[in-house]
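Residue-level listing of the chains:
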Amino acid sequence: MKLDNVAVLGVGQVRFGVHKAKTGIELARDAGLLALADAGIDLGSVNEAFVGYIEPAAMLAIKAMKELGLTGLPVTHVENASATGLVAFREAAHAVASGRAQVALALGFDKMSEMARGGQSGRGIGRDTIDSVILPAAYFALWAMRRMHERGTKPEHFAKIAAKSWNHGALCPVADRQADHRVTPEEVLASRKIAEPLTAMMACPPDDGAACVILAVPELVRKLRPGRPLVRVLSSALQTETWTPGHTFVGPVVGPATMSRDTANEAYRDAGLGPADVSLALCHDAFANEELEYYELLGFCAEGEAEKLVEEEQTSLGGRIPFNTDGGLIARGHPGGPTGLAQIHEIVVQLRGEAGRRQVENARVGLAHLVGGGSVCTVSLLARD
Amino acid sequence: MAESTPRRRVPIEPGFFTIPEDPKAVPQLLGSRCRACGEHFFPRRVVCARCLAQGCEDILLGPRGTLWTWTWVHVPFFGQKQAASAGYGVGQVDLPEGPRIQAVLSGAQGDFAIGMPMQLELETLRETPEGEQVVIHRFKPVESSA
């Protein structure tokens with residue numbers, strides 16, 4: 001559905017990284033307070049909250065929200081694997097669009113550094129199940145190997161994308177990885193091999209963090225934050241897989257390519273926009289080869305032309321369609337629950353023109369894309385008035 | 001030399017593959033076929049994912065297929081020590097019946113190529129305190145007879 005009455009009131013993000021001294025709930029509180037301060041309100045003005053994390057534990061969202069105050073507001077837990085934060089955002093946007101909330105808050109947090117160590121993050125890690133034997137890196141590598149077979153893609157293409165993201169991250173104050181030198185594709189290729197053809201520097205880090213986005217009806221945003229560029233949420237689509245031959249049911253899987261294409265098309269249609277209107281895009285780049293695929297699936301080039309886009313550096317800052325301007329999952333980080341809200345944070349900062357050295361010139365429309373567990377996809381479009 | 005009694009083999013998780021009495025016999029996958037549209041699935045399911053008809057029938061799938069894609073994972077295989085392993089293969093194998101199976105591969109890094117014929121086998125992951133062998137399915141390249 002088209003969202004025609006939703007604007008961004010505030011955003012906040014705790015820098016992603018390993019936060020040994022703080023619990024996930026404390027990180028969530030800090031991100032919530034940053035967003036409330038950016039909005040110029042306290043929790044008393046928030047009508048509804050949607051809170052996401054992927055740590056397998058109950059009731060953490062309510063506990064996190066209590067740190068911001070006890071106002072009786074409805075709080076709903078949201079979990080959709082890597083897509084969690086962006087799905088919480090979608091719920092908040094639809095709560096405002098429906099008229100049920102004047103102000104809705106989306107909050108995400110996680111401590112992936114502890115989940116990765118503890119081995120308790122569910123199927124696929126450390127448990128005696130049929131699909132516990134295959135690491136996440138492997139299924140993205142399977143996709144990369146098939147791409148190389150079909151299109152002649154080289155590991156150098158993936159390395160170039162990763163180096164670009166590392167270098168974007170170095171310009172972003174809330175990114176986890178801020179390299180002290182310009183990262184080269186050669187350096188990425190020479191890093192530790194994980195799963196052919198992927199290397200460690202082509203992969204996202206298991207880190208911690210929290211991010212928060214507050215949405216409201218545009219009249220309220222104008223009243224509370226006069227003089228600030230108004231950023232609207234135009235559409236937010238969510239899809240799961242449709243049946244296609246070759247569907248793999250067992251094991252961590254990437255899901256059919258059609259899922260990202262279909263979800264993006266729904267978001268474009270609802271927003272009344274196309275890929276040519278988009279100024280910057282943030283996508284699920286847990287591994288660099290994914291980003292290459294999404295250049296095509298999100299409509300930024302024709303099928304088979306993603307390699308050319310990389311070679312011409314069209315997705316770097318200054319290029320035709322800058323991707324993952326905050327470093328993406330690879331450099332900004334990917335704690336899990338907050339990842340999608342960090343994407344929205346970056347888009348809002350860019351659309352407000354507050355991105356400093358990584359500012360996309362005349363940024364008007366931003367796209368955020370995430371997949372979760374290979375089985376869901378969500379795409380949101382935001383635009384500055 | 002008299003053969004010792006083979007240890008009892010148990011699946012890592014029930015419901016995915018057969019464990020033949022004879023350790024040399026080739027296992028098969030436990031699959032489903034839709035009675036309405038004929039589509040095949042792995043693992044077993046009740047509702048057809050294609051036409052939504054209920055009441056898929058149980059069938060056996062495999063044991064042969066074609067390697068659709070593969071990778072080599074540079075960490076020790078599940079349950080193995082670093083020293084015991086230089087990594088392991090993972091692949092997706094298309095069965096002639098239709099399903100694409102993601103599984104561990106048997107062999108060395110240089111053994112695999114997209115499009116090659118593969119065959120199912122069982123690998124022992126570990127032994128239980130009761131002396132049973134815990135097994136999982138995997139695919140290995142079919143030795144060329146030519």
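Residues numbered from 1 in each chain as written. Chains lettered and ligands numbered in written order. Predicted model: local features only at pLDDT ≥ 70, side-chain atom pairs only at ≥ 80, totals over all residues.

Caption draft 1: Molecular detail of the overall build of chain A. Check the secondary structure of chain A and you find 13 helices and 11 strands. Against the 2.2 N^0.38 benchmark of 21 Å for 385 residues, chain A shows a C-alpha radius of gyration of 19 Å, consistent with a compact globule. Counting across all 385 residues of chain A, residues that qualify as buried make up 59%. For chain A, long-range pairs separated by at least 24 residues make up 79% of all intrachain contacts whose partners lie at least 6 apart in sequence. (Helix = DSSP H or I, 4+ residues; strand = E, 2+ residues; numbered from the N terminus. Rg over C-alpha atoms; globule rule 2.2 N^0.38 Å. Buried ≥ 20, exposed ≤ 12 C-beta atoms within 10 Å, placed from the backbone. Contact = placed C-beta atoms within 7 Å.)

Caption draft 2: Quick peek at the overall build of chain B. Counting its regular elements, chain B contains 0 helices and 9 strands. Along the chain direction, N to C, the helices and strands of chain B fall in the order β-β-β-β-β-β-β-β-β. The 146 residues of chain B split such that 32% are buried. The long-range fraction of contacts in chain B, counting pairs at least 24 apart against all pairs at least 6 apart in sequence, stands at 50%.

Caption draft 3: Structural context of the interface of chain A and chain B. Across the contact, 27 residues belong to chain A and 25 residues belong to chain B. Listing elements by their share of the side of chain A that touches chain B, those giving two or more residues are α5 (136-151) and β5 (193-195) of chain A. Looking at which element gives the most residues to the side of chain A that touches chain B, the answer is α5 of chain A, with 7 residues.

Caption draft 4: Local environment of helix α10 (residues 288-297) of chain A. Residues and elements named next belong to chain A. Of all 10 residues making up α10, 9 are buried, and the element is well covered by its neighbours. Those residues of α10 that fall on the buried side of the exposure criterion are Ala288, Asn289, Glu290, Glu291, Leu292, Glu293, Tyr294, Tyr295 and Leu297. Two residues or fewer past α10, Gly299 is found with a positive phi of approximately 90°.

Caption draft 5: Examining unusual backbone geometry more closely. The amide bond that connects Glu196 of chain A to the next residue, Pro197 of chain A, takes the cis arrangement and shows omega of 0°. Mapping Pro197 of chain A onto the fold places it in the loop between β5 and β6 (198-199). Of note, the bond from Gly62 of chain B into Pro63 of chain B is cis; its omega dihedral lies within 30 degrees of zero at 15°. Here Pro63 of chain B shows up in the loop between β4 (57-61) and β5 (64-73). With a phi close to 55°, Glu313 of chain A is a non-glycine residue in the positive phi region. Residue classification places Glu313 of chain A among the partly exposed residues on the basis of 14 C-beta atoms within 10 Å. One non-glycine residue, Asn324 of chain A, lies in the positive phi region at around 45°. Residue position: Asn324 of chain A is located in the loop between α11 (306-311) and α12 (328-331).

Caption draft 6: How the structure looks around the environment of Ala355 of chain A. Residue and element names in this part refer to chain A. Tracing the chain through its elements places Ala355 in the loop between α13 (339-352) and β10 (365-372). Taking the C-alpha atoms as reference, Ala355 lies 27 Å from Phe50; in sequence the two are 305 residues apart. In contact with Ala355, other than residues within four places in its own chain, are Val349 and Gln350.

Caption draft 7: Looking closely at the confidence of the model for chain B. Model confidence for chain B is summarised by a mean pLDDT of 90, while 88% of its residues fall at 70 or above. Here the prediction assigns the complex a pTM of 0.95, and the interface score ipTM is 0.91. (pLDDT = per-residue confidence, 0-100.)

Caption draft 8: Highlighting the packing of α5 of chain A against α10 of chain A. All names here are of chain A. In the contact formed by α5 and α10, the axes pass within 9 Å of each other and the chain directions differ by 55°. Between α5 and α10, the angle falls in the class oblique. Judged by the twist between their axes, the crossing of α5 over α10 is left-handed. The segment α5 lies against α10, with Phe140, Trp143, Ala144 and Arg147 engaging Asn289, Glu290 and Glu293. By residue class, the composition of the contact of α5 with α10 is 3 nonpolar, 1 polar and 3 charged. (Axes fitted to C-alpha atoms, helices over the stretch in contact; angles between N-to-C directions. Parallel < 35°, antiparallel > 145°, perpendicular 65-115°, else oblique. Left-handed = near helix turned anticlockwise from the far one by under 90°. Nonpolar A, V, L, I, M, F, W, Y, C, P; charged D, E, K, R; others polar.)

Caption draft 9: Helix α1 (residues 24-39) of chain A, seen in detail. All names here are of chain A. In a regular helix each residue adds 1.5 Å, so 16 residues correspond to 22 Å; α1 covers 22 Å between its end C-alpha atoms and thus fits that length. With 12 of 16 residues buried, α1 lies mostly within the body of the structure. Among the residues of α1, those classed as buried are Gly24, Leu27, Ala28, Arg29, Asp30, Ala31, Gly32, Leu34, Ala35, Leu36, Asp38 and Ala39. For α1, the elements touching its buried residues are β1 (7-13), α2 (60-66), β4 (103-111), β7 (208-216) and α8 (218-224). Just past α1, the residue Gly40 takes up positive phi, approximately 80°. (Expected span 1.5 Å × (residues − 1).)

Caption draft 10: Region of the structure containing the pairing of strand β3 (residues 75-78) of chain A. Residues and elements named next belong to chain A. In this sheet, β3 lies alongside strand β2 (residues 48-52) in parallel orientation, the contact comprising 4 bridges. Its bridge partner being in β3, Val51 is matched across the sheet by His77. In the classification by handedness, the crossover that spans β2, the intervening α2 and the parallel β3 is right-handed. (Pairing = 2+ DSSP bridges. Right-handed = clockwise from strand over helix to strand, strands pointing away.)

Caption draft 11: Main features of the sheet that holds strand β2 (residues 29-33) of chain B. Residues and elements named next belong to chain B. Across the sheet, 3 strands lie side by side as β3-β2-β4; this open sheet has antiparallel pairing. A strand with exactly one partner marks an edge of an open sheet, and here the two such strands are β3 (40-41) and β4. Relative to β4, β2 runs antiparallel, the two being bridged by 5 bridges. Looking at β4, one finds that Leu30 is bridged to Leu60.

Caption draft 12: How the structure looks around the environment of Phe300 of chain A. Of note, Phe300 of chain A is situated in the loop between α10 and α11. The sequence separation of Phe300 of chain A and Arg232 of chain A amounts to 68 residues, and the corresponding C-alpha distance is 22 Å.

Caption draft 13: Expanded view of the pairing of β1 of chain A. Residue and element names in this part refer to chain A. For β1, the tally of buried residues reaches 7 of 7 residues, placing the bulk of the element in the interior. Across 6 bridges, β1 lies against β7 in antiparallel orientation. Its bridge partner lying in β7, Ala7 is registered against Ala216.

Caption draft 14: Region of the structure containing the packing of helix α6 (residues 155-169) of chain A against α10 of chain A. Residues and elements named next belong to chain A. The contact between α6 and α10 brings their axes to 8 Å, and the two run at 95°. Relative to α10, the element α6 is oriented roughly perpendicular. The segment α6 lies against α10, with His157, Phe158, Ile161 and Ala162 engaging Ala288, Asn289, Glu291 and Leu292. Classifying every residue of the contact of α6 with α10 gives 5 nonpolar, 2 polar and 1 charged.

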